[in-house]
Amino acid sequence: MNYKKNRADNYASPSSRSHTLRSRKPLSKVKKRQSSISDFDKLVKTASEVPTQAYQADRCFNEMPLSSFTKKNLSAKGYVKPSQIQDDTLESLLAGKDLVGIASTGSGKTAAFLIPVIERLIKSPKSNTALIVVPTRELALQTEQEFKSLACQMNIFCACFIGGTKINKDLRKLQQSNHVIIATPGRLRDLVNQRALSLDTFQMLILDEFDRMLDMGFVHDIRSIVKDMTSRKQTMLFSATLEPNQKAIINEIVRNPEIVKVDDGESTNSRIDEDIIHVPEGADKMKVLIEMISGSEFSKVLLFTETKRWADRVSKKLNQSGVKADAIHGNKSQNYRNAALLKFKNGGIQVLVATDVASRGIDVHDVTHVINYHLPLTYQSYIHRVGRTGRAGRSGKAFTFIN
Ligand code: AMP
């Protein structure tokens, strides 16, 4: 079924249908945060008829100034040519320059910063050399996975520290020698405050999804981390957007950086078909949703809700209607979130319901649809959500419910 603008008006019969979602404390009574999105035309777009030419580098990794170990691991991962951010940044990062990379998830930014880190460690394998700070647990785990495959059989090790897990385990990991630490800001601060980890030997700092870290209120943590890194020689900062209000803090952190922009962060990718669905106040949005996703093309749907409670509620309702679904959000344990994500990746569930925060860093290549059950608070957040589909050269569809 091809839902188009206003198509869902067919379901609009406010007088005859009351909202089916009822909560202990009615969610309708919960004060709604107002979305700043008012121009709905921005949420409607037809994917380019002509598929966008993915960036084609003029060189293969084999022709780049990299060690044979790295080349071997890149080839084992099936990476033949660099993505644009990798191609445009390699030499200056190998030379130790600071970088501000404007690139969103899907651009290959993780390998763009990991490759120079690994090359440095091959030459000089010192513990606690590189610190990678990312906003979410999922992104931390994905970065760890990417590191492990790129540094495979090199005797270079990393440890990953994230919230929602037992800190004692982290303390044990810190007894071993780790060349790279990947962490979310909160847990990192805890470890530093407990004097389990000292940041003064780290030479390289990577701040990934910096804009998101600021959005999530980590600005003080970041300042404090930067201050503690007294041996810091190189900083790579990646952000999907470069808003004027971020400039001051970026200037505090990086020194004379190379600025490389591969994605302006102001639009969604051209392989994504986007549309809005009008469901008037009082109409049965859940019914519209269930009918919509019964189409066979909706095989891997990432659905966003405004709050954790709504995420649970929508997931429960979907399961009750026979649609396999699960929810991830900040109140779920890390183990639960990992298991749900794995089920989603493996096709064990059709719909993964998520809040914005939990969704960051979800790297599932074949998400067929993104559905905004609630309007995101900002257009930036919309771009991040929609960017979970149409990845790795595939096409994707995004629908946003509005009333
Ligand atoms: P990222 O933007 O780092 O989240 O990467 C997005 C996806 O692209 C990940 O699944 C990577 O495994 C993949 N990827 C990164 N670099 C390359 C490359 N040079 N060739 C093919 N795939 C890549």
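Residues numbered from 1 in each chain as written. Predicted model: local features only at pLDDT ≥ 70, side-chain atom pairs only at ≥ 80, totals over all residues. Heavy atoms only, no water.

Caption draft 1: Representation of the overall build of the protein in the model. Helices and strands together make up the secondary structure of the protein, namely 14 helices and 13 strands. Within the protein, the fraction of its 403 residues that count as buried is 52%. Nonlocal contacts in the protein, meaning residues at least 24 apart in sequence, comprise 77% of its contacts between residues at least 6 apart. If you sum the accessible surface of the protein, you get close to 18400 Å²; carbon and sulfur atoms cover 49% of it. (Helix = DSSP H or I, 4+ residues; strand = E, 2+ residues; numbered from the N terminus. Buried < 20%, exposed > 50% of the residue type's maximum accessible area, 1.4 Å probe, protein only. Contact = heavy atoms within 4.5 Å. Areas by Shrake-Rupley, 256 points an atom, 1.4 Å probe, with all protein chains shown as cover.)

Caption draft 2: Expanded view of the sheet that holds strand S5 (residues 204-207). With respect to topology, 7 strands assemble into an open sheet ordered S3-S4-S2-S5-S6-S1-S7, the strand pairing being parallel. Single-partner strands in this sheet number two, and they are strand S3 (158-161) and strand S7 (258-261). Averaged over all pairs of adjacent strands, the angle between strand axes in this sheet comes to 10°, irrespective of strand direction. Relative to S7, strand S1 (residues 99-102) is paired through 4 bridges, and the arrangement is parallel. By the bridge assignment for S7, Leu99 is matched with Glu258. Packing of helix H4 (residues 137-150) onto the sheet brings it into contact with strand S2 (130-133), S3 and strand S4 (180-183), and relative to S3 it is tilted by some 170°. (Pairing = 2+ DSSP bridges. Axes fitted to C-alpha atoms, helices over the stretch in contact; angles between N-to-C directions.)

Caption draft 3: Spatial organisation of the nonpolar core. Counting residues in hydrophobic clusters, the biggest one holds 37 residues, and the most contacted among them are Ile115, Val117, Ile132, Phe147, Val180 and Met236. Setting aside residues no more than four positions away along its own chain, Val117 makes contact with Ala130, Val180, Met204, Ile206 and Met236. Counting 29 residues, the second largest nonpolar core, distinct from the first, contains Leu174, Ile181, Ile225 and Met229. (Core = buried A, V, L, I, M, F, W, Y, C linked by side-chain atoms within 4.5 Å.)

Caption draft 4: Seen up close, the packing of aromatic side chains. Enumeration over the complete set of coordinates arrives at 5 aromatic pairs. Consider the rings of Phe298 and Phe399, whose centres lie 6.1 Å apart with planes at 25°: the pair is stacked. Residue Phe298 is found in the loop between helix H10 (285-292) and strand S9 (301-304), and its partner Phe399 is found in strand S13 (residues 396-402); the two are separated by 101 residues along the sequence. We classify Phe298 as buried; its relative accessible area is 2%. Centre to centre, the rings of Tyr379 and Tyr382 are 5.6 Å apart; their planes meet at 15°, and the pair counts as stacked. (Phe/Tyr/Trp six-rings, centres within 6.5 Å; stacked < 30°, edge-to-face > 60°.)

Caption draft 5: Region of interest: the pattern of salt bridges. All told, the structure shown has 16 salt bridges when counted by the stated rule. Across the pair Glu209 and Lys109 runs a salt bridge whose closest N-O atoms are separated by 3.4 Å. Residue Glu209 is found in the loop between S5 and helix H7 (210-215), and its partner Lys109 is found in helix H3 (residues 109-123); the two are separated by 100 residues along the sequence. A relative accessible area of 3% means that Lys109 is categorised as buried. Taking the shortest distance from any N to any O, the salt bridge between Asp312 and Lys332 comes out at 3.3 Å. In this pair, Asp312 is assigned in helix H11 (residues 308-320) and Lys332 in the loop between strand S10 (325-328) and helix H12 (334-346), connecting sequence segments 20 residues apart. Through salt bridges with shared partners, one network takes in Arg59, Asp87 and Glu91. (Salt bridge = Lys/Arg side-chain N within 4 Å of Asp/Glu carboxyl O.)

Caption draft 6: Broad picture of the packing of helix H1 (residues 68-76) against H3. Two elements in contact, H1 and H3, have axes whose closest approach is 10 Å; the angle formed by their N-to-C orientations is 145°. Considering the relative orientation of H1 and H3, their crossing is right-handed. Counting all contacts with H1, which are made through Phe69, Thr70 and Leu74, the residues of H3 involved are Ile115, Ile118, Glu119 and Ile122. Looking at the contact of H1 with H3 residue by residue, the classes come out as 5 nonpolar, 1 polar and 1 charged. (Left-handed = near helix turned anticlockwise from the far one by under 90°. Nonpolar A, V, L, I, M, F, W, Y, C, P; charged D, E, K, R; others polar.)

Caption draft 7: Looking closely at the sheet that holds S9. With respect to topology, 6 strands assemble into an open sheet ordered S8-S13-S12-S9-S11-S10, the strand pairing being parallel. Each edge of the open sheet is held by one strand with a lone partner, namely strand S8 (272-278) and S10. In this sheet, neighbouring strand axes are inclined to one another by 20° on average, regardless of whether the strands run parallel or antiparallel. Strands S9, S10 and strand S11 (351-354) of the sheet are contacted by H12, whose axis makes an angle of about 140° with S10. Across the sheet, helix H14 (residues 379-386) lies against S8, S9, strand S12 (369-372) and S13, angled at about 150° from S12, the strand it touches most.

Caption draft 8: How the structure looks around the packing of H3 against H4. Two elements in contact, H3 and H4, have axes separated by 10 Å at closest approach and are oriented at 45°. On the basis of their axis angle, the class for H3 and H4 is oblique. Note that H3 runs across H4; the crossing there is right-handed. Note on element contacts: H4 touches H3 through Thr143, Glu146, Phe147 and Leu150, opposite Thr110, Ala111, Phe113, Leu114, Ile115 and Ile118. The residue makeup of the contact of H3 with H4, split by class, is 7 nonpolar, 2 polar and 1 charged. (Parallel < 35°, antiparallel > 145°, perpendicular 65-115°, else oblique.)

Caption draft 9: Molecular detail of the environment of Val134. Within the fold, Val134 resides in the loop between S2 and H4. Its relative accessible area of 0% is what places Val134 among the buried residues. Here the alpha-carbon distance between Val134 and Met213, two residues 79 residues apart in the chain, equals 7.4 Å. Not counting residues up to four positions away in its chain, the partners in contact with Val134 are Leu139, Ala140, Thr143, Ala183, Thr184, Pro185, Asp208 and Met213.

Caption draft 10: Here's a closer look at the side chain of Gln334. Position of Gln334 among the secondary structure elements: in helix H12. By relative accessible area, which is 2% here, Gln334 ends up buried. Apart from the residues lying within four places of it in its own chain, the contact partners of Gln334 are Arg137, Glu138, Leu141, Ile162, Gly163, Gly164 and Thr165.

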